[in-house]
2 protein chains.
Amino acid sequence: MSDNDQSLPNAAASMSNSNCGDALPPVGQHTRQYETVRNAHETELIEDYVELIGDLIRHRGEARAADIANRMGVSQATVSKMIRRLNELGLVTSKPYRSLFLTEEGQKMAEISRTRHDIVLHFLRALGVNDNTARIDAEGMEHHVSDETLTIMQRFIDQHAKR
Amino acid sequence: MSDNDQSLPNAAASMSNSNCGDALPPVGQHTRQYETVRNAHETELIEDYVELIGDLIRHRGEARAADIANRMGVSQATVSKMIRRLNELGLVTSKPYRSLFLTEEGQKMAEISRTRHDIVLHFLRALGVNDNTARIDAEGMEHHVSDETLTIMQRFIDQHAKR
DNA sequence: AATAATTGTTAGCCAAGGCTAAACTGTTTG
DNA sequence: CAAACAGTTTAGCCTTGGCTAACAATTATT
């Protein structure tokens, strides 16, 4: 392997270890960053479905596959397949041709997702981002925001709410 | 279809249209949100590769498949396959068994990605997020932040830099 | 009650992005 | 210079998450 970080008298060597400019991070750390993103990726869609199902139940009283397909902009077949997965993962219960319910665990996940989503959304709005853009960005960002950052965002919201 | 937004005397009807609480957005808008995320998804990985290749070239003088695999935490076979894709997309040029180069377009993409990445990272740090966390979050968030939000983040950084 | 319309499921296809194992190339070194 | 080693590629497999088309069940309409 040629990436051992000690052998090269390069930019990295001549700047403080706070990475002020933008040297490459050490390999281990870098790898972990990408890994975190890949992992988030795997759960992202699941969380989106569960969150949406939760929202539909809360706002419409029930979650039906057609509504999900409609809102996700995806075919019913795709939704049907996904629901089978959610079932296997123990996140929803469903009888064929009936509407869906979240399991305990599913509810927990929906709750967490929704909270995260809301914090990110409110944060963006508090920052001054236009509503429509904020919604779009929040949808994409929510799965990549750590608890630490979330806490800070919440603090920011609180500070800017007392206007 | 059962999702027509007018027929239900529901929560949405009884609150201001600024969606203050958290009613479901209108179907069309909601669909567009998910679509945007799905699209981002497709380009995300590509951008990460291109950005990393650019960084490797800048900091080490060259980008070799082994380094990429190493930093991404992925097998060399995966990288090799990906490079073929990048080639087809006209983002890199490569001769077998030699190191990689970015095309004009690839350089442009790397540049844009890097800029975005940096803004998000600096923004998070300016917000008060711990360095390590900021790096991880930035890696995930960068592909989901609109230009509008990016501009606002940049403004925020500028305001908080003059300490 | 019979039929039409809507909704849900299944089967089978595709591309992307992982992997391992095996083959091949280039470089280093004994 | 030949062998060993490091780096690269290829082949072939797997899972996910899309799709369409065909079929099945439920619900609505006449």
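Residues numbered from 1 in each chain as written. Chains lettered and ligands numbered in written order. Predicted model: local features only at pLDDT ≥ 70, side-chain atom pairs only at ≥ 80, totals over all residues. Heavy atoms only, no water.

Labelled according to an unreviewed UniProt entry, chain A appears under the name Transcriptional regulator MntR, originating from Halomonas colorata. Recorded in UniProt for chain A, the comment headed Function (unreviewed entry) runs: "In the presence of manganese, represses expression of mntH and mntS. Up-regulates expression of mntP." (UniProt positions renumbered as here; feature names shortened; annotations may be inferred.)

Chemist: What exactly am I supposed to notice about helix α6 (residues 147–161) of chain B here?
Modeler: If you check α6 of chain B, its first and last C-alpha atoms are 21 Å apart, about what 15 residues at 1.5 Å a residue would give, namely 21 Å. For α6 of chain B, the complete set of buried residues consists of Thr149, Leu150, Ile152, Met153, Phe156 and Ile157 of chain B. Viewed along the axis of α6 of chain B, the buried residues span an arc of 165°, placing them on a single side of the element. On its buried face, α6 of chain B is in contact with α4 (104–127), α5 (131–141) and α6 (147–161) of chain A together with α4 (104–127) and α5 (131–141) of chain B. (Helix = DSSP H or I, 4+ residues; strand = E, 2+ residues; numbered from the N terminus. Expected span 1.5 Å × (residues − 1). Buried < 20%, exposed > 50% of the residue type's maximum accessible area, 1.4 Å probe, protein only. Arc of directions from axis to C-beta. Contact = heavy atoms within 4.5 Å.)

Chemist: Sorry if this is basic, but what is going on with the side chain of Glu139 of chain B here?
Modeler: Note that Glu139 of chain B resides in helix α5. Despite its burial, Glu139 of chain B remains without a salt bridge, the nearest opposite charge being carried by Arg135 of chain B at 7.8 Å. Those residues within four positions of Glu139 of chain B in sequence are excluded, and the remaining contacts are Gln33, Tyr34 and Val37 of chain A together with Asp48 and His117 of chain B. (Lys, Arg positive; Asp, Glu negative; His and termini not counted. Salt bridge = Lys/Arg side-chain N within 4 Å of Asp/Glu carboxyl O.)

Chemist: Whenever I open this one, the protein's contact with DNA strand C confuses me. Can you help?
Modeler: Not every one of the 24 residues close to DNA strand C is listed here, only the nearest: Arg64 and Ala66 of chain A together with Thr78, Lys81 and Arg85 of chain B. Here DNA strand C approaches the protein such that, of its atoms within 4 Å, sugar and phosphate make up 72%. One of the side-chain N or O atoms of Thr78 of chain B is found 2.7 Å from a phosphate oxygen in DNA strand C. Within the contact set of DNA strand C, a phosphate oxygen lies 2.3 Å away from a side-chain nitrogen or oxygen of Arg85 of chain B. Of all elements in the fold, only α2 (65–72) and α3 (76–88) of chain A together with α1 (27–60) and α3 (76–88) of chain B reach the threshold of two or more residues within the surface near DNA strand C. Tallied by class, the residues present in the surface near DNA strand C amount to twelve nonpolar, five polar and seven charged. (Near = heavy atom within 4 Å. Polar contact = N/O pair within 3.5 Å; in protein donor to acceptor, adjacent residues only side chain to side chain. Nonpolar A, V, L, I, M, F, W, Y, C, P; charged D, E, K, R; others polar.)

Chemist: Help me understand the interface of chain A and chain B, please; the structure alone is not making it clear to me.
Modeler: One widely used convention gives an interface's size as the accessible area the parts lose upon coming together. The partner chain B presents 63 residues to the 63 residues of chain A that form the contact. Here chain A meets chain B over a buried area of about 5900 Å², counting both sides, of which 49% is carbon and sulfur. Looking at the side of chain A facing chain B, the largest losses of area belong to Leu24, Tyr34 and Arg71 of chain A, adding up to 13% of the total buried there. Seen at the junction of chain A and chain B, the total is zero salt bridges. Between chain A and chain B we count 25 residue pairs in polar contact (both at pLDDT 80 or more) in total. Here the side of chain A that touches chain B takes 18 residues from helix α1 (residues 27–60) of chain A, the largest share from any one element. A per-class count over the side of chain A that touches chain B returns 23 nonpolar, 22 polar and 18 charged. (Buried area = accessible area lost by both parts, 1.4 Å probe.)

Chemist: How should I be thinking about the packing of aromatic side chains in this particular structure?
Modeler: Describing an aromatic ring pair means giving the distance of the ring centres and the angle of the ring planes. Applying the stated criterion to the full structure yields four aromatic pairs over all chains. Measuring from centroid to centroid gives 5.1 Å for Phe123 of chain A and Phe156 of chain A, while their planes differ by 65°, and the two rings are edge-to-face. Of this pair, Phe123 of chain A sits in helix α4 while Phe156 of chain A is found in helix α6, placing the two residues 33 residues apart along the sequence. Grouping residues by exposure puts Phe123 of chain A and Phe156 of chain A together as buried. Counting every residue linked through ring pairs, the aromatic cluster contains Phe123 and Phe156 of chain A together with Phe123 and Phe156 of chain B. (Phe/Tyr/Trp six-rings, centres within 6.5 Å; stacked < 30°, edge-to-face > 60°.)

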